[in-house]
There are 2 protein chains.
Amino acid sequence: MTNFSYFKRIFHGQHLSSPKLLALCSISSGGLIAYADSPSDVVGESKTSVNNQIETKRRKRVLVLGTGWAGTSFLKDLDISTYDVQVISPRNYFAFTPLLPSVTCGTVDARSIVEPIRNIIKKRDGEIKYWEAECLKVDHESKKVLCRSNIDSNLVGSNEFSLEYDYLVIAIGAQVNTFNTPGVLEHCHFLKEVEDAQRIRRTVIDCFEKAVIPGLTDEERKTNLHFVIVGGGPTGVEFAAELHDFVHEDLVNLYPSVKDLVSISVIQSGDHILNTFDERISSFAEEKFQRDAIQVLTGHRVLSVSERMIDMKAKSTGQNVSIPHGMVVWSTGVGTRPVVKDFMEQIGQGYRRILATDEWLRVKGCDDVYALGDCATVDQRKIMEDISTIFEAADKDNSGTLTVEEFKEVIEDIIIRYPQVELYLKNRHLFDVTDLLKDVNGKDREEVDIEGFKLALSNVDKQMKSLPATAQVAAQQGAYLAKCFNKREKCKIEPEGPRKFGSDGRHDFRPFQYRHLGQFAPLGGEQTAAELPGDWVSMGRSTQWLWYSIYASKQVSWRTRFLVVGDWSRRFMFGRDSSRI
Amino acid sequence: MTNFSYFKRIFHGQHLSSPKLLALCSISSGGLIAYADSPSDVVGESKTSVNNQIETKRRKRVLVLGTGWAGTSFLKDLDISTYDVQVISPRNYFAFTPLLPSVTCGTVDARSIVEPIRNIIKKRDGEIKYWEAECLKVDHESKKVLCRSNIDSNLVGSNEFSLEYDYLVIAIGAQVNTFNTPGVLEHCHFLKEVEDAQRIRRTVIDCFEKAVIPGLTDEERKTNLHFVIVGGGPTGVEFAAELHDFVHEDLVNLYPSVKDLVSISVIQSGDHILNTFDERISSFAEEKFQRDAIQVLTGHRVLSVSERMIDMKAKSTGQNVSIPHGMVVWSTGVGTRPVVKDFMEQIGQGYRRILATDEWLRVKGCDDVYALGDCATVDQRKIMEDISTIFEAADKDNSGTLTVEEFKEVIEDIIIRYPQVELYLKNRHLFDVTDLLKDVNGKDREEVDIEGFKLALSNVDKQMKSLPATAQVAAQQGAYLAKCFNKREKCKIEPEGPRKFGSDGRHDFRPFQYRHLGQFAPLGGEQTAAELPGDWVSMGRSTQWLWYSIYASKQVSWRTRFLVVGDWSRRFMFGRDSSRI
């Protein structure tokens, strides 16, 4: 036993002892602000007497594909004492992807944002099996998955194996979408994996080292130091800001001879960067970038990327523009992975662009398969498709008209089943659902017929939006699905979902509902913009501190929290490291 | 300016302000113990009035090849205001190589042991130019060096350039020596560069991930988990110990199903591991490894390495042995790099195995070229070669005999010029040099003739040993050479070296003299063995603490010191990270 085994025990344990709290209280101050769904309410419910009874039966096999936000969140909250859980992923760790832009410039180290999945797993009761392998094919007919270990070294034993499942949870994320632009796969960097961020870091240093080599013309030096980011979304903008800080806070001191030759450009096909954010944030970012001399080329579509040039079309003039570059980072769009595409063909979803699930995250047309996160989309049912059955179910006295009282009785189930209704009410600034039944002049009506009912709800479905491909959505979906799995047996007996309008009875579970808890756009120079719940917009230095505290609090383990905060402190004290390793 | 700019300024500065001292005083406690030559006495001397006078002349161009221990130590201590300094190295950082074995298992992170060479350079006055490039060829005739940037990406501009020099300092280190063993280059890992350590770390995790894949036989799992280290020197032994700790402190908890299948073997051609150390340390290490179930195969010579097998010959029985392996780390011997080999051909040293310098680190047969560290060896002059001229010089009255008084007058110069004399006295437990002149019966003699003088010194040259290829030697050589460069002009006028016995006058400088300050052999489980100055041997846990404090104190910058100590703390608190990145 080492001298330090006491400390080690303290910090290894899942629960906090008081010295640990003491030591780390300063770090966790941000923990008070909830960013994604807190899992604490889930764990408590799981060990019911119902679950204990079924333990005597054969435990169902749950196979989870992927250890990203969705998969890890599912595994963390799942009560694995009632299932036989198996996990497959080509990465044996969970990565805190929102900090990837920080990794590209060494503000945070790659190792600080990853936690081995086995560490996350072993903290919970029950047995779970993880294998570092890629899923090659899902065979839905025989409920099997073919896997291949991605270790390409010279080790003995077959790399391929197959696993059977009772429930399959697909959470393998998306791949980069190049929109078939020529040269992108060959000549661009991406920002999806930890390795991508490490590669970008090395390439930035390469560009600087190459630019100072004797014998180059100033034009060549300028080309090597032109950094291009394609995509003005949150990731691209954050990377541009990080790179600007890295260059102007650290690299100019180390490479003073070329400091005036560096340029950064952001190419955006839309009219504004950060166009999924509030307009105020978008303008704030554009002004900040203008001050920082980061060129923003809006309304430009990339036609092709070659080794040294990037070709674009300016939408306004229709003209083609070519600019030389030292490095291009492609940060736009997500695409479906081949294994998911193949699975979609099997289950008759081949015509779709992305795997569709219902509101309970069950893959459509496929029992016992669930899909979460970026690899799938929730296909929200339109209220107009069910309008007649809703009317029939609500019209208890079969009078052919619906009274306000009859409507009130079904409205709660409607709102749960069709969340777009609530959004519609909110956006129309209606406080009471019965306001929907008012006539065109805004006057109360005693009752409406089917045509009036259709008219009242006709615009509701327009509120439907597909969920963004973010960590927040994936984490909430994972936690939601774990909750459903934990109370599966209980809810079969006592369903807690809304009533079924087409048939009798109720749904077992409430459908998944996304709660948007805000989003951040760090803009460099200790300035961050944020959209917070309640349409609240916050910008500037205080928001950067909010960002620090929330990102620290949301780390998956005390270890990564300690490391990330350590990295931030290190960068304040010593700057970023520019060693090319 | 950020909120933290105050702290940043404090920590970026070269000199310590009191808050910095306060904040880091606990870290620097080990700084009291000197491990390598302290440079403080060098800096003070450099700015003499002599140097100021020559500043008006064209400054001589010094070209330094390499940023390892020797090159960095030279650059740190060189007064660059009097020279035009240029540096070439394929690595834009200095790596604290004694911690490489710790990097292989994640005890210390790779980034924590590297410091960008530009950071080290920019801290000092004057201008210095660094380029990330490899030296392809030294053209000694025209005093030019051909270089090529090692950036293989698609950046514009030629990668090749050449540089002229007045003085060339070769400090490019050595390469791995495979002794032409088949398969070593293809199938073995090495432990010379930071990238090597990172690759080993990933491979260890690969071996474990592969070993738990479904469908493998126990035999296959065992093979994948058999780690072989070739070479029982300090690096190999430390790596074996680190790996053992990593496996038994961290990995067995994450991969419990295969914990009994792991094995570690150390193959050593000699009869003992750590055979350059004191016997007590060697036995202590062997006993410790036996307790830890690390197999030590002494007296085995490796014949070949293939993808899955390693073939050896047991010296005692003469039989060939083949064992399957999951990973082999080759940690034995150093070889000459091709560019040095080519340079040796040019200057007539082609017949040698390793580049030879004189005692002033000047390359033999080649003015104005110096060689330091692992790439060269100091060819110490034998006293017997000069014995007649020494006798003549000492015999002032030309009497044909040497009196004790005459001998005493030259002895100081002899000891400086031929350091083996001092070693000889020490090993023979002689306190006074005049004891050398005693007759065979140990009685004092009044005078000796030339034959008697030859006899007295005949065994001295046997004390000569070539210096080991260690960081300590390289660092001392770098500091020594910088010192000589700093007082070059001054010493031309007032030479401070010993008298020349063959001719008139004195040498400009004292020759380089290595001072062995001890060496460590960490053996895992918080146990370290150390050889300290004065033939003092120390083993156990307290030595591990000495190791921690000395390694912390010897870091090249406050940044790396902070990071290394942080990494040690992290590992005590949270264990080592097993994410495969």
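Fair warning: this is a prediction, and the values are worked out from it, not measured in the lab.

Conventions used here
- Residues numbered from 1 in each chain as written.
- Chains lettered and ligands numbered in written order.
- Predicted model: local features only at pLDDT ≥ 70, side-chain atom pairs only at ≥ 80, totals over all residues.
- Heavy atoms only, no water.
- Helix = DSSP H or I, 4+ residues; strand = E, 2+ residues; numbered from the N terminus.
- Buried < 20%, exposed > 50% of the residue type's maximum accessible area, 1.4 Å probe, protein only.
- Areas by Shrake-Rupley, 256 points an atom, 1.4 Å probe, with all protein chains shown as cover.
- Expected span 1.5 Å × (residues − 1).
- Salt bridge = Lys/Arg side-chain N within 4 Å of Asp/Glu carboxyl O.
- Core = buried A, V, L, I, M, F, W, Y, C linked by side-chain atoms within 4.5 Å.
- Contact = heavy atoms within 4.5 Å.
- Axes fitted to C-alpha atoms, helices over the stretch in contact; angles between N-to-C directions.
- Parallel < 35°, antiparallel > 145°, perpendicular 65-115°, else oblique.
- Nonpolar A, V, L, I, M, F, W, Y, C, P; charged D, E, K, R; others polar.
- Buried area = accessible area lost by both parts, 1.4 Å probe.
- Polar contact = N/O pair within 3.5 Å; in protein donor to acceptor, adjacent residues only side chain to side chain.
- Domains from an automatic or database assignment.
- Least-squares fit on C-alpha atoms with pLDDT ≥ 70 in both.
- UniProt positions renumbered as here; feature names shortened; annotations may be inferred.
- Pairing = 2+ DSSP bridges.
- Right-handed = clockwise from strand over helix to strand, strands pointing away.
- Phe/Tyr/Trp six-rings, centres within 6.5 Å; stacked < 30°, edge-to-face > 60°.
- Disulfide = S-S within 2.5 Å.

Undergrad: Describe the overall build of chain A, naming the residues involved and giving the relevant values.
TA: Helix and strand counts for chain A stand at 21 helices and 25 strands. Taken over 581 residues, chain A has a buried fraction of 56%. With the model as given, the accessible surface of chain A reaches about 25,000 Å², and the carbon-plus-sulfur share is 49%.

Undergrad: Can you tell me about helix H21 (residues 558–574) of chain B, naming the residues and giving the values?
TA: All names here are of chain B. For H21, spanning 17 residues, the distance from its first C-alpha to its last is 24 Å, which sits close to the expected 24 Å at 1.5 Å a residue. Buried residues dominate H21, accounting for 13 of its 17 residues. With its phi angle positive at about 80°, Gly575 sits one or two positions after the end of H21.

Undergrad: Give a description of the pattern of salt bridges that names residues and reports values.
TA: Scanning the entire structure with this criterion turns up 68 salt bridges over all chains. Among the ionic pairs, Glu409(A) bridges to Lys396(A), the shortest N-O distance being 2.5 Å. A residue pair is termed long-range when its members are at least 10 positions apart, and Glu409(A) in helix H15 (residues 404–417) and Lys396(A) in the loop between helix H14 (387–394) and strand E21 (401–403) qualify at 13 residues. With relative accessibility at 52%, the residue Glu409(A) sits in the exposed group. You can call Lys396(A) exposed: its relative accessible area is 58%. The partner of Asp278(B) in a salt bridge is Arg280(B), with the nearest N and O atoms 2.9 Å apart. Owing to a relative accessible area of 46%, Arg280(B) belongs among the partly exposed residues under this scheme.

Undergrad: Provide a residue-level description of the nonpolar core, including the pertinent values.
TA: Core analysis: the biggest nonpolar cluster contains 136 residues, and Leu65(A), Ile170(A), Leu355(A), Phe74(B), Phe208(B) and Phe485(B) have the highest contact counts within it. In terms of residues, this core owes the most to one element, helix H11 (residues 234–254) of chain B, which gives 10 residues. Sequence-distant contacts of Leu355(A), defined by excluding residues within four places in its chain, comprise Ile170(A), Val340(A), Phe343(A), Met344(A), Ile347(A), Gln349(A), Val363(A), Ala371(A), Cys375(A), Ala376(A) and Thr377(A). The next biggest cluster of nonpolar side chains, apart from the first, holds 135 residues, and it includes Ile120(A), Tyr548(A), Ile347(B) and Ile581(B).

Undergrad: Give me the packing of helix H20 (residues 541–553) of chain B against H21(B): which residues, what numbers.
TA: When two helices pack together, their arrangement is given by the angle between their axes and by how far apart the axes lie. All names here are of chain B. Two elements in contact, H20 and H21, have axes whose closest approach is 8 Å; the angle formed by their N-to-C orientations is 150°. With respect to H21, the element H20 is oriented roughly antiparallel. Only Arg561, Val565, Trp568, Arg571 and Phe572 of H21 make contact with H20, whose side of the interface consists of Trp547, Tyr548, Tyr551, Ala552 and Ser553. For the contact of H20 with H21, the class distribution of residues is seven nonpolar, one polar and two charged.

Undergrad: Report on the interface of chain B and chain A, specifying residues and quantitative values.
TA: Taken together, the contacts link 72 residues of chain B with 72 residues of chain A. When the two sides are added together, the surface that chain B and chain A hide from each other amounts to roughly 7,500 Å², 59% of it contributed by carbon and sulfur. Broken down residue by residue, the surface that chain B buries against chain A is led by Arg111(B), Phe574(B) and Ile581(B), which jointly contribute 12%. At the junction of chain B and chain A, the tally comes to 10 salt bridges. Note that Asp577(B) is salt-bridged to Arg559(A), the shortest N-O span being 3.8 Å. In this assembly, chain B and chain A are joined by 28 residue pairs in polar contact (both at pLDDT 80 or more). With nine residues, the top contributor of residues to the side of chain B that touches chain A is helix H9 (residues 194–211) of chain B. Taken together, the residues that form the side of chain B that touches chain A break down as 31 nonpolar, 19 polar and 22 charged.

Undergrad: Kindly report on the domain arrangement of chain A, identifying the contributing residues and their values.
TA: Per the domain assignment, the segments of chain A are domain 1 (18–58), domain 2 (60–174 + 336–376), domain 3 (184–335 + 517–574) and domain 4 (381–463). The straight-line distance from the C-alpha centre of domain 2 of chain A to that of domain 4 of chain A is 40 Å.

Undergrad: Which residues make up the relation of the copies chain B and chain A, and what are the values?
TA: Of the transformation superimposing chain B on chain A, the axial component is 0.1 Å and the angular component is 180°, with the fit at an RMSD of 0.1 Å. When the rotation and shift are considered jointly, the pair of chain copies conforms to a two-fold rotation axis. The rotation axis passes nearest to the C-alpha of Gly566(B) in chain B, at a distance of 4.3 Å.

Undergrad: Tell me what's going on with the UniProt feature "domain: EF-hand" (unreviewed entry) in chain A, and back it up with residues and numbers.
TA: According to UniProt, the positions carrying the feature "domain: EF-hand" (unreviewed entry) are residues 382–417 of chain A. The span residues 382–417 of chain A shows a helical share of 61% and a strand share of 8%, and its end C-alpha atoms are spaced 10 Å apart.

Undergrad: Could you give me a rundown of the sheet that holds strand E23 (residues 519–524) of chain B, with the residues and numbers involved?
TA: All names here are of chain B. Taken together, the three strands give an open sheet; going across it, the order is E23-E24-E25, and neighbouring strands pair in antiparallel fashion. This sheet does not close on itself; its edge strands, each paired only once, are E23 and strand E25 (536–540). The average undirected angle you get between the axes of adjacent strands in this sheet is 10°. As paired strands, strand E24 (residues 527–532) and E25 are joined by five bridges and run antiparallel to one another. Residue pairing across strands places Ala530 opposite Ser538, the latter belonging to E25.

Undergrad: Before we move on, can you summarise the pairing of strand E10 (residues 226–230) of chain B with the specific residues and values?
TA: Residues and elements named next belong to chain B. In terms of burial, E10 is largely enclosed, as five of its five residues are buried. As judged from the five bridges shared by E10 and strand E11 (residues 263–268), these two strands associate in the parallel manner. Of the residues in E11, the one forming a bridge with His226 is Ser263. In this fold, E10 hands off to H11, which returns the chain to E11; that crossover is right-handed. Relative to strand E16 (residues 327–330), E10 runs parallel, the two sharing four bridges. Residue pairing in the sheet places Val230 in a bridge with Trp330 of E16.

Undergrad: I'd like to hear about the packing of aromatic side chains, residue by residue, with values.
TA: Residue and element names in this part refer to chain B. Taken as a whole and judged by the stated rule, the model has 46 aromatic pairs over all chains. Aromatic side chains Tyr83 and Phe485 sit 5.4 Å apart centroid to centroid with 55° between the ring planes, which places their arrangement in the tilted category. With Tyr83 in strand E2 (residues 83–89) and Phe485 in helix H18 (residues 471–486), this pair connects stretches of sequence that are 402 residues apart. Note on accessibility: Tyr83 and Phe485 belong to one class, buried. Aromatic pair Tyr167 and Phe485: ring centres 5.4 Å apart, planes at 80°, arrangement edge-to-face. In this pair, Tyr167 is assigned in strand E8 (residues 167–170) and Phe485 in helix H18, connecting sequence segments 318 residues apart.

Undergrad: Help me get a handle on the state of the cysteines, residues and values and all.
TA: All names here are of chain A. Enumeration according to the criterion identifies zero disulfides over all chains in this entry. The thiol of Cys135 is unpaired, and the distance to the nearest cysteine sulfur, on Cys147, comes to 5.6 Å. A relative accessible area of 10% places Cys135 in the buried class. In this model Cys491 remains outside any disulfide bridge; the closest cysteine sulfur is found in Cys484, 7.5 Å from its own.

Undergrad: Describe the sheet that holds strand E5 (residues 128–139) of chain B, naming the residues involved and giving the relevant values.
TA: Residue and element names in this part refer to chain B. Across the sheet, seven strands lie side by side as E7-E6-E5-E2-E1-E8-E19; this open sheet has mixed pairing. The open sheet has two free edges, formed respectively by strand E7 (160–164) and strand E19 (369–371), since each of these has just one partner strand. Shown here is a sheet whose adjacent strand axes are inclined to one another by a mean of 35°, direction ignored. In the sheet, E5 pairs with strand E6 (residues 144–149) via six bridges, with the strands oriented antiparallel. Residue pairing for E6: Val138 is matched across the bridge by Val145. Strand contacts of helix H5 (residues 69–77): strand E1 (60–65), E2, E5 and E8, with the helix running at about 150° to E1, the strand carrying the most contacts.

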